[in-house]
Each structure stands twice: as C-alpha cells, then as structure tokens.
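Report on the structure
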Amino acid sequence: MRLDKFVLRSTQLNKQQVVNVIESGLVEVNQQVITDCAIQVHENNHITYTDKRLTPRPFRYLLLHKTPDTLCSNVDGEYPSVFNDIDIENKDELHIVGRLDADTSGLVLITDDGRWSFNITRPDMHCPKVYRVTLAKPITEDAITKLEQGLLLQGESTSTRPAKIIKIDDLHVLLTITEGRYHQVKRMFFAVGNRVNQLHREKIGAVSLDVEPKQWRHLTASEISSFGMYSQQA
C-alpha cells in the first residue's frame, strides 16, 4: 500500500498530519528516509516514525443495513452519509464496497482493505448480488426471458450478463446479477418496458443481510474469506 496510508493505519495522525511528517523526513523505510507519500510499501518492510516501528491496525470488514435517502459516501451531501449509522473509530479510513443509489436500501459492505474490495468489485469476478425489486407494472414472461438471456442497455456496446429472476408475485421479483453497471437494475427493467419503484439489496456473494435498518456488524472470518471463491473462478 502507499506509505501515507500505511502510516495513517499505524498511528493516530490524521491525513494532513501524515503528509506533514512524511514530507518532513520523519518516516524511514528500511532505515532510509522517505519523503514521497505515494511510494508503495509492504507490511514486511521496517517502517519507523520518530524511531518507533509502525504496525498497521488489522483490516476491518463490516456489513450495514442502508436505509433509503442516505448516501454511500464518507461525507454528507444532499442526504446524510451511511457512516452516520456506524459508531467506530477511524471511520475516515473506511470505504464502501459497491455503492447503492440514494433511494436504494439494503446490504452494504464496508472495509479499509482496498485489495479485498477491489477483488469483489472487479468486473471479471462475477460476484452475484441479489436484489428484491418492486415494480410499477406486473412482470411479464417475455420480460423475464429477456432479462435472463441478457439485453443491450441504452448507451452500452455489450449486453448484460444473463440474470436470474425469481418471481414472488406480479409486482415483486428477486433479481440476481453478476456485474455492477451504472444504475443497472433500473435500466434493465426500463429496457423491458417497466419501472423500478423500490430496490433493496439482500445478498452479496455468500453474505446475507441479517441486521435491522441502520444497524451494522462485523463480518465473520468465513464471510470475509468467502469472496476468494469468485477470484478462483475468474
């Protein structure tokens, strides 16, 4: 990881303080003063600040139940940030793994492990995501067939990957997709002549949403490692 991120995760300094101490020559990597914040370092490197060896805090992996009208952002905007619902130290080190639109609810993964999140969101990972979709009009068998075969969205040059549809009733379906294009679920149903009224993510990979709205928990070790299976399949 970058040297500034390593120091940030190993001290109680904020981002600007980290930049200042590195550029001031107070950080050494393998007994050599380094003033470049962007240099790549490894946890096995001997990295010191004021002659004390730095050890980064363990990575954190969280599950959050996002509510509508909140933002998958580290700061408030038009709506409040989902991070307002998380009571944990050093929140500024965390990031969202696969954002949801402001009006979409459900499962959000949060971490400070950039490699882990990248491996989940990479397009070639084919990590399945399950959504409960409430539609404006009854779903038709023709629409289900098109969605399950894959279809070309407006402005796209390639068709969507085949989706899986489980019909709950005429206006509610469970949709499973293995990619994450811009506003993909809404655009898919628009392409078959329907409209999404409500969208709720229930599952990512083997991890299911199991906490109440606005609540969060740490992922288990098996949940964290479960995403490795998609890497092996890619």
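The preceding data block contains the structure.
Residues numbered from 1 in each chain as written. Predicted model: local features only at pLDDT ≥ 70, side-chain atom pairs only at ≥ 80, totals over all residues. Heavy atoms only, no water.

**Here's the deal with the overall build of the protein chain**
Across its full length, the protein chain carries seven helices and 13 strands. Its C-alpha atoms give the protein chain principal-axis dimensions of about 70 × 35 × 35 Å. Of all intrachain contacts in the protein chain linking residues separated by at least 6 positions in sequence, the fraction that spans at least 24 positions is 62%. When the accessible area of the protein chain is evaluated, it comes to approximately 12,700 Å², of which 49% is carbon and sulfur surface. Positive and negative side-chain charges of the protein chain, numbering 28 and 30 respectively, have mean locations separated by a distance of 3 Å. (Helix = DSSP H or I, 4+ residues; strand = E, 2+ residues; numbered from the N terminus. Contact = heavy atoms within 4.5 Å. Areas by Shrake-Rupley, 256 points an atom, 1.4 Å probe, with all protein chains shown as cover. Lys, Arg positive; Asp, Glu negative; His and termini not counted. Charge placed at Lys NZ, Arg CZ, Asp CG, Glu CD.)

**Some remarks on the sheet that holds strand S3 (residues 47-49)**
With antiparallel pairing, four strands are arranged side by side in an open sheet as S2-S1-S3-S4. Of all strands in the sheet, those bounded by a partner on one side alone are strand S2 (32-33) and strand S4 (52-53). The pairing of strand S1 (residues 27-29) with S2 spans two bridges and is classified as antiparallel. Across the sheet, the residue bridging to Glu-28 is Val-33, located in S2. (Pairing = 2+ DSSP bridges.)

**As for the packing of aromatic side chains**
A complete count under the given rule lists two aromatic pairs for this structure. Judged by centre distance (4.8 Å) and plane angle (75 degrees), the rings of Tyr-61 and Trp-116 are edge-to-face. You can see Tyr-61 sitting in strand S5 (residues 61-66) and its partner Trp-116 sitting in helix H3 (residues 114-121), a full 55 residues away along the chain. Here Tyr-61 matches Trp-116 in class, with each residue buried. Consider the rings of Trp-116 and Phe-227, whose centres lie 5.5 Å apart with planes at 90 degrees: the pair is edge-to-face. Pair noted here: Trp-116 is in helix H3 and Phe-227 is in the loop between helix H6 (221-226) and helix H7 (228-233), with a separation of 111 residues, a long-range link. Taken as a pair, Trp-116 and Phe-227 share a single burial class, namely buried. Among the aromatic side chains, those forming a connected cluster through ring pairs are Tyr-61, Trp-116 and Phe-227. (Phe/Tyr/Trp six-rings, centres within 6.5 Å; stacked < 30°, edge-to-face > 60°. Buried < 20%, exposed > 50% of the residue type's maximum accessible area, 1.4 Å probe, protein only.)

**Describing the pattern of salt bridges**
Pairing is possible between side chains that carry opposite charge, provided their charged atoms lie close to one another. In the structure shown here, the tally under the stated rule is 16 salt bridges. One salt bridge connects Arg-2 with Asp-4, and the closest N-O pair in it is separated by 2.8 Å. A relative accessible area of 31% means that Arg-2 is categorised as partly exposed. Owing to a relative accessible area of 14%, Asp-4 belongs among the buried residues under this scheme. Linking Arg-60 and Asp-112 is a salt bridge whose minimum nitrogen-to-oxygen distance equals 3.1 Å. Of this pair, Arg-60 sits in the loop between S4 and S5 while Asp-112 sits in the loop between strand S7 (105-111) and H3, and the two are 52 residues apart along the sequence. In this structure, Arg-60 and Asp-112 share a single accessibility class: buried. The network of salt bridges with shared partners includes Arg-57, Arg-60, Glu-93 and Asp-112. (Salt bridge = Lys/Arg side-chain N within 4 Å of Asp/Glu carboxyl O.)

**Topic: helix H4 (residues 141-149)**
Every buried residue of H4 is accounted for by Ala-143, Ile-144 and Leu-147. Looking down the long axis of H4, one finds its buried residues gathered within 100 degrees of arc, a one-sided arrangement. Exposed side of H4, more than 90 degrees from the buried face: Glu-141 and Gln-149 are the residues found there. Of the residues one or two after H4, Gly-150 is the one with positive phi, at around 100 degrees. (Arc of directions from axis to C-beta.)

**Topic: unusual backbone geometry**
Despite not being glycine, Asn-30 shows a phi value in the positive range, around 50 degrees. Of note, Asn-30 is situated in the loop between S1 and S2. Notably, Thr-50 is not glycine yet its phi reads approximately 50 degrees, a positive angle. Relative to the helices and strands, Thr-50 resides in the loop between S3 and S4.

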